[in-house]
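Structure at a glance
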Amino acid sequence: MKPFTLQEIAAACGGTYVGSDEMKNVCITSVERDSREVKEGSLFLAIKGGRADGHDFIEKCYAQGAVCAICEKAPANAVKPYILVPSTLDAVKEIGRAYREKFDIPVVGVSGSVGKTSTKEMLCAVLSQRYKTHKTQGNLNNELGVPLTLLSMPEDTEAAVIEMGISGFGEMERLSRMAQPTVCVLTIIGCCHLENLGDRDGVLRAKTEMFLHARDNAVYVLNGDDDKLSAVKEVGGKAPIFFGLNPDNRYHAENIRNNGEGGVSCTLCFDDTRLDVVIPAIGSYMVSNALAAVAVGRLLGLSDEELVRGVQAYKTVGSRANVIRTERIRIIDDCYNANPTSVSASIDTLVNLGGRTVAVLGDMKELGKEELALHEQTGRYAREKGVDLVLAVGPLAKALAKGAQGEWFGSIEELEEKLPALLRDGDTVLVKASHSMQFEKITAFLKENF
């Protein structure tokens, strides 16, 4: 970490420092919320969670080498300093913001209803060709994850890519205040979190809160294929840079060819430049992600060779369009999360891979009052695209099965009982639902039994 003293930290979060004066100028080496990760020099965040209260572990963390704890109540046996705050969660946001301000580097904020993580990974792959690039790990994209991501930036970080996820109004403004992006990237305005955001106009309003705390002279890189984003004509007196498959976008693509597991080949076009690339991922939607990354890379001075090398260095992460081959079938493990927009994109990928296609789909959460209509519409999309067999699981997915004219199951266990009779050798099987549906169990079952 860059030098960050206990005195600075207490001032940043408005907390009360309790400890010796000589310790005030001690610098921390890391910020940890999990007591198991605490090491020599760590600052420990005592957070009260659903299953455990971090305050119960302060003494253990001191013994492991923590130099200080942020806490909401004084530890019983405080052998080292602590900083007392009304809310540890609120405090870490202020601490994260203060640490980010120590860096004068490009910080790319990434959000959207679909493709946040894959675009973040593509951006990192591209920018890493020239800069020591820090990125969001896993799903640390919320009001705790973003400050933890910022606070884990090494001292020699030259660029950062920060994924920003929300479910309601006001959240993105708070994330933006911490991250203070110099480049704002928005992928797609889709039907997600409608329970809180109402409709796609609400989603647009919530996502563009990112602009509120962008640095002076920030640049805005938006998906021009999205009808909501393409209507944004200027931000802070500056015209956005648009990317997308439509040739009207400044950054667009030609000669797109989906080669199945061989990746997607295309020509990325901008200004007077044409770059031939092979994106090592399934799904034509990855072309838009590559265009976003190339637009940012060009803004930050990367050469054509660096841009091509970066796009081709992309790697899929986690359960996101991850292709798994078993002895008998091919699985598209895309069960990390789902909304109507992302499921439709996954269906496009499934049918492009050819052969007999099976979609195992589940409930999509937080869609508000139109949830059943959106599930039925998604099922109808699968049928119209020619998916051979749709298997739906969950109470909401009953409407999806109706739209797809597929089969419905009340539980994962019911589905697994029938799968051996439903699947055939050589099938390509898409597995996708909201994360809370625990569809990773289905992926595991398929790997074990097929």
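A brief structural summary. (Residues numbered from 1 in each chain as written. Predicted model: local features only at pLDDT ≥ 70, side-chain atom pairs only at ≥ 80, totals over all residues. Heavy atoms only, no water.)

1. Things to note about helix 1 (residues 6-13)
By the burial criterion, the buried members of helix 1 are Leu6, Ile9, Ala10, Ala12 and Cys13. Down the axis of helix 1, the buried set is contained in an arc of 160°. They therefore lie on one face. If you follow the buried residues of helix 1, they end up packed against strand 1 (16-18), strand 3 (42-45), strand 4 (68-71), strand 5 (82-84) and helix 3 (88-100). Gly14 occupies a position one or two residues after helix 1 and carries a positive phi of about 65°. (Buried < 20%, exposed > 50% of the residue type's maximum accessible area, 1.4 Å probe, protein only. Helix = DSSP H or I, 4+ residues; strand = E, 2+ residues; numbered from the N terminus. Arc of directions from axis to C-beta. Contact = heavy atoms within 4.5 Å.)

2. So, unusual backbone geometry
Backbone geometry places Gln180, a non-glycine residue, at a positive phi of 45°. Locating Gln180 in the fold gives a position in the loop between helix 6 (171-179) and strand 9 (183-186).

3. Some thoughts on the environment of Gly96
Checked against the element boundaries, Gly96 lands in helix 3. The spatial distance from the C-alpha of Gly96 to the C-alpha of Cys13 is 9.4 Å, given a sequence separation of 83 residues. Dropping the residues within four chain positions of it, Gly96 is found in contact with Pro147, Leu150 and Leu151.

4. Let's talk about helix 4 (residues 116-127)
In a regular helix each residue adds 1.5 Å, so 12 residues correspond to 16 Å; helix 4 covers 16 Å between its end C-alpha atoms and thus fits that length. Buried residues dominate helix 4, accounting for 12 of its 12 residues. Buried within helix 4 we find Lys116, Thr117, Ser118, Thr119, Lys120, Glu121, Met122, Leu123, Cys124, Ala125, Val126 and Leu127. (Expected span 1.5 Å × (residues − 1).)

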